[in-house]
Amino acid sequence: MSEDSMNSSNPETAEHHWFPFLRYKKECESTGKEVSVNEWMRATGQLDEKIAHEQSVASAAKIAAEKDADAKRAIEKEALEKKALLKIDKIKTNKNI
């Protein structure tokens with residue numbers, strides 16, 4: 001048996017199939033950390049596109065929330081300005097009477 005074929009089936013060094021995850025699992029278990037396929041895939045760069053998408057969605061939600069808050073503040077400001085103008089008109093009307 002060649003050295004390459006021995007290394008490819010050695011769970012401590014093989015990089016195919018689930019061997020890398022099994023090493024991750026063993027490491028997590030030895031440190032008391034929860035084993036997660038999702039976290040392993042994130043840590044090994046296999047979910048970079050998903051992570052980028054999640055960040056884009058979160059950023060879009062934050063921007064939308066900020067725009068919504070800005071719109072609400074503008075509406076409240078306009079309402080206060082109209083109330084102030086109505087008070088001024090009422091005072092003017094009372095003076096003219």
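Here the structure is a predicted model, which means the values were calculated and not measured.

Undergrad: Please provide a residue-by-residue account of the overall build of the chain, values included.
TA: Looking only at helices and strands, one finds four helices and zero strands in the chain. Mapped in sequence order, the helices and strands of the chain form the string α-α-α-α. The 97 residues of the chain split such that 9% are buried. Accessible surface computed for the chain: about 8400 Å², of which carbon and sulfur atoms make up 57%.

Undergrad: Before we move on, could you go through the pattern of salt bridges and cite the residues and values that matter?
TA: Scanning the model with the defined rule gives five salt bridges in all. Between Arg42 and Glu54 there is a salt bridge, with the nearest N and O atoms lying 2.7 Å from each other. A residue pair is termed long-range when its members are at least 10 positions apart, and Arg42 in helix α3 (residues 37-43) and Glu54 in helix α4 (residues 48-96) qualify at 12 residues. Take Arg42: its relative accessible area is 23%, and that puts it in the partly exposed class. Between Asp70 and Arg73 there is a salt bridge whose closest N-O contact spans 2.3 Å. Here Asp70 pairs with Arg73, and both are found in helix α4, just three residues apart, close to one helical turn.

Undergrad: So, helix α2 (residues 19-31): which residues are in play, and what are the values?
TA: Note on helix geometry: an α-helix contains 3.6 residues per turn, so any two residues three or four positions apart are oriented the same way. End to end, α2 covers 19 Å across 13 residues, agreeing with the expected 18 Å (1.5 Å per residue, within 8%). The inward-facing, buried residues of α2 abut α3. Where α2 ends, the next residue or the one after it, Gly32, has phi of about 80 degrees, a positive value.

Undergrad: Just give me the short version of the packing of aromatic side chains, but keep the residues and values in it.
TA: Summed over all chains, the structure comprises four aromatic pairs. A ring pair is formed by Phe21 and Tyr24, whose centres lie 5.9 Å apart and whose planes are at 35 degrees; its orientation type is tilted. Here Phe21 and its partner Tyr24 are both found in helix α2, three residues apart, which amounts to about one turn of the helix. Taking relative accessible area as the criterion, Phe21 reaches 9% and is therefore assigned buried. Ring pairing ties together the aromatic residues Trp18, Phe21, Tyr24 and Trp40, which thus form one cluster.

Undergrad: Provide a residue-level description of a nonpolar patch on the surface, including the pertinent values.
TA: Nonpolar side chains collect at one region of the surface, where Trp18, Leu22 and Val37 lie side by side and expose about 290 Å² of accessible area between them. Along the chain, the position of Leu22 falls in helix α2.

Conventions we followed
Per-chain numbering applies: the sequence of each chain, read as written, is numbered from 1 onward. At least 70 in pLDDT is required for a residue's local features to be given in this predicted model, at least 80 for side-chain atom pairs to be given and counted, and no such filter applies to totals for whole chains, interfaces and linings, which use all residues. To get the side-chain values, all heavy atoms of the structure are used, and hydrogens and water are removed first. Numbered from the N terminus, helices here are DSSP runs of H or I no shorter than four residues, and strands are runs of E no shorter than two. Think of it in three bands: with a 1.4 Å probe and only protein chains considered, a residue is buried below 20% of the maximum accessible area for its type, exposed above 50%, and partly exposed in between. With residues, only the protein chains shown are counted as cover, and all accessible areas are computed by Shrake-Rupley using a 1.4 Å probe. Whenever Lys or Arg places a side-chain nitrogen within 4 Å of a carboxyl oxygen from Asp or Glu, that contact is recorded as a salt bridge. Working rule for helices: expected span equals 1.5 Å times residues minus one. We call two residues in contact when some of their heavy atoms are within 4.5 Å. Stacked, tilted and edge-to-face are the three classes applied to pairs of Phe, Tyr and Trp rings, where Trp contributes its six-membered ring and a pair requires centres within 6.5 Å; stacked means planes under 30 degrees apart, edge-to-face means over 60, and tilted covers the rest. A patch consists of residues whose relative accessible area exceeds 30% and which take part in no salt bridge; residues with like charges are grouped when within 9 Å of each other, and nonpolar side chains (Val, Leu, Ile, Met, Phe, Trp, Tyr) when within 5 Å.

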